[in-house]
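Residue-level structural notes
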2 protein chains.
Amino acid sequence: MGGDFAPRNVIDGVLSCVRSTRCDFRVLLAGDESRMREHLPSPIPDGIDLLHTEETVGMHDSITVAMKQKRQSSMYRALEQQRDGVVHGFVSAGNTGAVMALSTLILGRLPGVERPTIGTFLPSQKGPVLLIDAGANVDSKPSHLVQFGIMGSVFTEVMMQRPAPTVGLLNVGEEESKGNDVSIAAWPLLQQAPINFIGNVEGRDILKGTADVVVCDGFTGNIVLKFAESFPPLLKHTFRKYADRSPLHKIWAALMGRTLKGMIRDWDYQEHGGVPLLGVNGVSIIGHGSSSPKAIMNMIFRAKEMLDRHVNETIRDAMASASTPS
Amino acid sequence: MGGDFAPRNVIDGVLSCVRSTRCDFRVLLAGDESRMREHLPSPIPDGIDLLHTEETVGMHDSITVAMKQKRQSSMYRALEQQRDGVVHGFVSAGNTGAVMALSTLILGRLPGVERPTIGTFLPSQKGPVLLIDAGANVDSKPSHLVQFGIMGSVFTEVMMQRPAPTVGLLNVGEEESKGNDVSIAAWPLLQQAPINFIGNVEGRDILKGTADVVVCDGFTGNIVLKFAESFPPLLKHTFRKYADRSPLHKIWAALMGRTLKGMIRDWDYQEHGGVPLLGVNGVSIIGHGSSSPKAIMNMIFRAKEMLDRHVNETIRDAMASASTPS
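Quick look at the structure, then. (Residues numbered from 1 in each chain as written. Chains lettered and ligands numbered in written order. Predicted model: local features only at pLDDT ≥ 70, side-chain atom pairs only at ≥ 80, totals over all residues. Heavy atoms only, no water.)

1. Examining the overall build of chain A
Rules: Helix and strand assignments come from DSSP, with helices taken as H or I runs of at least 4 residues and strands as E runs of at least 2, each series counted from the N terminus. Here the globule rule reads 2.2 Å times residues to the power 0.38, and the radius of gyration is calculated from C-alpha atoms. Using a 1.4 Å probe on the protein chains alone, a residue whose accessible area is under 20% of its type maximum counts as buried, one over 50% counts as exposed, and one in between counts as partly exposed. In what follows, residue pairs with any heavy atoms lying within 4.5 Å of each other are defined as contacts. Only the protein chains shown count as cover for residues, and all accessible areas are computed by the Shrake-Rupley method using a 1.4 Å probe. Residues scored as positive are Lys and Arg, those scored as negative are Asp and Glu, and His as well as the terminal groups of each chain are ignored. Just so you know, the charge point we use is NZ for Lys, CZ for Arg, CG for Asp and CD for Glu.
Scanning chain A from terminus to terminus reveals 13 helices and 10 strands. On C-alpha atoms alone, chain A measures out to a radius of gyration of 21 Å, which is about the 20 Å that the 2.2 N^0.38 rule sets for 326 residues. The principal-axis extents of the C-alpha atoms in chain A amount to approximately 65 × 60 × 40 Å. Within chain A, buried positions represent 57% of all 326 residues. For chain A, long-range pairs separated by at least 24 residues make up 67% of all intrachain contacts whose partners lie at least 6 apart in sequence. Just so you have it, chain A exposes about 14,100 Å², and 51% of that area is on carbon and sulfur atoms. Across chain A, the 33 positively charged side chains and the 34 negatively charged ones have centroids separated by 6 Å.

2. Thoughts on the environment of Asp217 of chain A
As for its placement among the helices and strands, Asp217 of chain A is situated in the loop between strand 8 (213–215) and helix 9 (218–229). When its relative accessible area of 14% is taken as the criterion, Asp217 of chain A is described as buried. With 77 residues separating them along the chain, Asp217 of chain A and Ser140 of chain A place their C-alpha atoms 5.3 Å apart. Not counting residues within four places of it along the chain, the set of residues in contact with Asp217 of chain A comprises Asp133, Asn137, Val138, Ser140 and Leu145 of chain A together with Phe219 of chain B.

3. Here we look at the packing of helix 1 (residues 8–19) of chain B against helix 12 (residues 293–308) of chain B
All names here are of chain B. Convention followed: Axis angles are defined between N-to-C directions and span 0 to 180 degrees, where every axis is a line fitted to C-alpha atoms and, for a helix, only to the segment in contact. An angle below 35 degrees is treated as roughly parallel, one above 145 as roughly antiparallel, one from 65 to 115 as roughly perpendicular, and anything else as oblique. Note on convention: the crossing is left-handed when the near helix lies turned anticlockwise from the far helix by less than a right angle, right-handed when the turn is clockwise. Amino acids are sorted into nonpolar (Ala, Val, Leu, Ile, Met, Phe, Trp, Tyr, Cys and Pro), charged (Asp, Glu, Lys and Arg) and polar (every other residue, Gly among them).
Put simply, helix 1 and helix 12 touch, their axes get as near as 7 Å, and they point 55° apart. Judged on the interaxial angle alone, helix 12 and helix 1 are oblique. Classified by chirality, the crossing of helix 12 by helix 1 is right-handed. Of the residues in helix 12, those in contact with Asn9, Val10, Asp12, Gly13, Val14, Ser16 and Cys17 of helix 1 are Pro293, Ile296, Met297, Ile300 and Phe301. Of the residues in the contact of helix 1 with helix 12, the class split is eight nonpolar, three polar and one charged.

4. Regarding the pairing of strand 7 (residues 196–201) of chain A
Residue and element names in this part refer to chain A. Keep this limit in mind: We call two strands paired when DSSP finds no fewer than two bridges between them. The definition of a right-handed crossover adopted here requires that, viewed with the strands pointing away, the path from the first strand over the helix to the second runs clockwise.
Across five bridges, strand 6 (residues 166–170) lies against strand 7 in parallel orientation. Residue pairing across strands places Leu169 opposite Asn200, the latter belonging to strand 7. Regarding the hand of the β-α-β motif, the stretch spanning strand 6, helix 7 (residues 181–192) and strand 7 is right-handed.

5. Here's the deal with the interface of chain B and chain A
Interface size is commonly expressed as the accessible area that is lost once the parts come together. Defined as follows: Note on definitions: buried area is the accessible-area loss of two parts on being combined, 1.4 Å probe, summed for both. Any Lys or Arg side-chain nitrogen located within 4 Å of an Asp or Glu carboxyl oxygen qualifies as a salt bridge. In protein, a polar contact means a hydrogen-donor-capable atom and an acceptor-capable atom, both N or O and within 3.5 Å, with residues adjacent in sequence counting only if both atoms are side-chain atoms; elsewhere, any N or O pair within 3.5 Å suffices.
Counting residues at the interface gives 45 residues for chain B and 45 residues for chain A. Taken over both partners, the interface formed by chain B and chain A buries close to 4,400 Å², and the fraction arising from carbon and sulfur atoms is 75%. The largest per-residue losses of area from chain B upon contact with chain A belong to Phe219, Phe227 and Met263 of chain B, which jointly make up 17% of the total buried on that side. Where chain B touches chain A, the interface holds two salt bridges. Glu202 of chain A is the partner of Lys226 of chain B in a salt bridge, and the nearest nitrogen-oxygen pair spans 2.2 Å. Counting every contact that joins chain B to chain A gives 10 residue pairs in polar contact (both at pLDDT 80 or more). Counting only elements with at least two residues in the side of chain B that touches chain A, the list comes to helix 7 (181–192), helix 8 (203–208), helix 9 (218–229), helix 10 (231–243) and helix 11 (247–265) of chain B. Of the residues assigned to the side of chain B that touches chain A, the class counts are 25 nonpolar, 14 polar and six charged.

6. A word on a positive patch on the surface
Residues and elements named next belong to chain A. Put simply, the test is: Each patch is built from salt-bridge-free residues with over 30% relative accessible area, joining like charges within 9 Å and nonpolar side chains (Val, Leu, Ile, Met, Phe, Trp, Tyr) within 5 Å.
There is a patch of like positive charges on the surface, built from Lys236, Arg240, Lys261, Arg265 and Lys294. Elements represented by at least two residues in the positive patch include exactly helix 10 (231–243) and helix 11 (247–265). Its place among the elements puts Lys236 in helix 10. Exposure remark for Lys236: the relative accessible area of 54% places this residue in the exposed category.

7. With respect to helix 1 (residues 8–19) of chain A
Residue and element names in this part refer to chain A. So the rule is basically this: Each residue after the first adds 1.5 Å to the expected span of a helix.
Between its terminal C-alpha atoms helix 1 stretches 16 Å, which fits the 16 Å expected from 12 residues at 1.5 Å a residue. Among the residues making up helix 1, those that are buried are Asn9, Val10, Ile11, Gly13, Val14, Leu15, Cys17 and Val18. Tucked inside the fold, the buried residues of helix 1 contact strand 1 (27–31), helix 2 (33–39), strand 2 (48–52) and helix 12 (293–308).

8. A look at the pattern of salt bridges
All names here are of chain B. For the structure on display, the rule yields 26 salt bridges over all chains. The salt bridge partner of Arg26 is Asp46, with a shortest N-O separation of 3.9 Å. With Arg26 in the loop between helix 1 and strand 1 (27–31) and Asp46 in the loop between helix 2 (33–39) and strand 2 (48–52), this residue pair connects regions lying 20 residues apart in the sequence. Assessed through its relative accessible area of 49%, Arg26 is described here as partly exposed. The residue Arg204 makes a salt bridge to Glu202 at a minimum N-O spacing of 3.6 Å.

9. Side note on the environment of Ile63 of chain B
Residues and elements named next belong to chain B. Tracing the sequence through the fold places Ile63 in helix 3 (residues 63–69). For Ile63, a relative accessible area of 41% translates into the label partly exposed. Sequence separation between Ile63 and Leu102 is 39 residues; the distance between their C-alpha atoms is 8.2 Å. Once residues within four sequence positions are removed from consideration, Ile63 is found in contact with Gly97, Ala98 and Ala101.

10. A closer look at the side chain of Asn180 of chain B
Looking at the element boundaries, Asn180 of chain B is found in the loop between strand 6 (166–170) and helix 7. Overall, Asn180 of chain B belongs to the buried group, its relative accessible area being 11%. Setting aside residues no more than four positions away along its own chain, Asn180 of chain B makes contact with Val138, Asp139 and Phe219 of chain A together with Asn171 of chain B.

11. Focus on the pairing of strand 5 (residues 129–132) of chain B
Side chains Val129 and Leu131 of chain B of strand 5 of chain B all project onto a buried face; the interleaved residues Leu130 and Ile132 of chain B project onto the opposite face, where all are buried too. Linking two consecutive strands that pair antiparallel, namely strand 4 (residues 117–122) of chain B and strand 5 of chain B, is a turn of six residues; a positive phi of about 100° is found at Gly127 of chain B within it.

12. Re the relation of the copies chain B and chain A
Rules: Superposition of the copies used a least-squares fit over C-alpha atoms from residues whose pLDDT is at least 70 in both.
The two copies are related by a screw operation: chain B maps onto chain A through 180° of rotation and 0.0 Å of translation along the axis, at an RMSD of 0.0 Å. Accordingly, the operation relating the two chain copies is best matched by a two-fold axis. Comparing contact sets, 100% of the residues at the interface of chain B also lie at the interface in chain A, consistent with an isologous, same-surface contact.

13. With respect to the side chain of Thr238 of chain A
In this structure, Thr238 of chain A sits in helix 10. Classification of Thr238 of chain A as buried rests on a relative accessible area of 12%. In this structure Thr238 of chain A touches Met263 and Trp267 of chain B, once residues within four positions along its chain are discounted.

14. A short note on the sheet that holds strand 5 (residues 129–132) of chain A
Residue and element names in this part refer to chain A. The strand order across the open sheet built from eight strands is 3-10-9-4-5-8-6-7, with neighbouring strands paired in mixed fashion. With partners counted over all chains shown, the strands left at the sheet margins are strand 3 (90–92) and strand 7, one partner each. This sheet shows a mean twist of 30° between the axes of neighbouring strands, independent of strand direction. Note that strand 5 and strand 8 share three bridges and pair parallel.

See the structure below:
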């Protein structure tokens with residue numbers, strides 16, 4: 001029931017998923033049964049099960065409301081199904097804050113993880129770079145940053161098949177002594193962590209691809225992510241202004257715009273499968289509120305891939321080795 | 001003597017400046033006299049005075065070295081000339097940290113200003129937006145953020161002639177309750193300040209132009225600024241990859257690239273005159289290390305403009321009205 005185009009886009013995505021030859025699992029749709037049936041073919045295709053739920057977490061509901069007052073919501077009930085072993089992964093295009101809070105509450109955290117985190121891929125000159133934390137934890141402590149680094153490293157290594165990914169600490173200068181209190185304290189901890197830590201990276205290094213994983217607090221990460229997302233619209237605006245100069249400019253801008261659109265489409269890695277909440281004892285994938293059916297389908301496949309590739313087991317091992325004094 | 005192309009670019013910029021019909025002032029060049037004379041025509045054009053200095057602050061010198069061990073540097077001596085009333089503004093393409101520290105040390109702060117700050121213009125769909133603090137203060141307190149807001153508002157109003165500029169607090173959500181500890185505490189203080197505060201703005205709002213002035217701590221500001229600067233290189237890289245596909249793609253990319261270059265050139269507001277250090281009791285303009293002669297010239301004209309438009313007097317008045325309980 002979550003997202004701007006629910007339940008239609010969610011259901012269309014699930015239909016594409018179960019019809020795909022890659023699909024070797026079943027999908028449980030949690031939501032208002034009669035509304036779901038409106039969008040489902042009859043009979044319901046094989047591979048889809050329904051879980052009728054009475055409530056919905058709205059996009060503007062507070063975390064407290066989602067946690068305390070909406071225990072019959074599709075989100076709450078679906079996560080309970082995972083906790084109880086009925087399903088093995090959870091995917092939602094709904095209220096991001098609620099997904100994070102309910103996933104942590106219901107699934108619990110992996111051993112050693114203080115704060116579950118979300119990592120987002122950004123484009124770079126060397127391929128996708130994981131920015132972590134991308135907004136889950138606005139006030140992060142040095143120990144949190146280290147855990148983000150470990151979880152981000154595991155996720156990148158396992159899911160992108162990039163062995164020993166480089167991890168950089170997002171900072172205002174290259175030297176160890178640079179930064180704010182939190183980043184200065186995090187540096188030596190990251191240095192000791194079981195990751196390929198390459199030191200500080202600056203704002204300009206993200207899109208250069210200097211590090212495979214860029215660690216930061218969730219305040220900075222959220223701002224950088226949303227700032228990055230606003231580049232294409234600025235480019236579009238700049239084009240429109242150029243086109244307004246004359247009919248010839250207009251034709252030229254239209255021709256260029258079409259090519260450019262294709263070129264920067266690859267930048268949108270979220271479209272490729274949502275953002276995982278790492279550190280919870282389960283699989284929880286968060287999609288954009290405006291997720292397309294294709295994005296929903298990719299999110300489900302990504303959840304399955306996280307299970308197949310044993311992301312959580314690997315995080316568990318890495319966290320254990322981090323806490324063992326060397 | 002500062003910057004990657006000193007003294008050549010600095011002197012070429014000064015020569016363009018004094019030869020311009022807009023120039024109604026004299027320029028004092030501080031540096032090694034014999035090296036300066038190598039790049040100056042003989043006789044030295046009217047309007048240029050030389051101050052011979054023995055030392056130079058290097059681009060990698062620490063602030064402590066610049067403050068304690070290099071009191072005969074061109075930077076130190078030139079700022080002393082301003083303190084003593086010999087000159088009325090200071091411009092440098094040298095070591096940014098040293099310019100900030102020495103300007104604060106030698107010129108002092110305006111009444112009520114705890115931390116001098118640098119503000120940088122970024123492009124937006126509605127014209128230039130001032131991001132402040134852009135890196136001077138990595139650990140900012142709520143009261144600092146308010147002062148950044150006041151100084152940024154004055155600078156934008158006076159220099160860009162935008163009456164009652166809107167001021168937004170860079171944050172992770174629109175609601176007053178959102179953010180990290182510092183931003184949550186800064187919100188009510190900004191609300192009470194003598195500025196046109198419009199509340200929180202998010203990362204995506206910067207390039208949209210939602211606020212004329214975007215206030216943030218220097219850690220976030222530095223990262224956002226450097227991240228923004230790395231966007232054109234990513235675009236260039238994306239173009240190059242596209243061009244590599246075939247000879248036809250190459251021609252098309254070259255044609256597009258040329259137009260696009262012109263379109264995004266306007267994004268570089270620093271080229272238009274450096275970045276002012278606001279809050280010091282004087283005029284101090286910081287240029288990029290790789291400043292072109294044109295950038296140097298523009299920095300000098302901007303310093304003069306700050307004097308003509310009484311930026312510091314206006315900041316002084318605004319700070320006084322902020323500290324008066326209403």
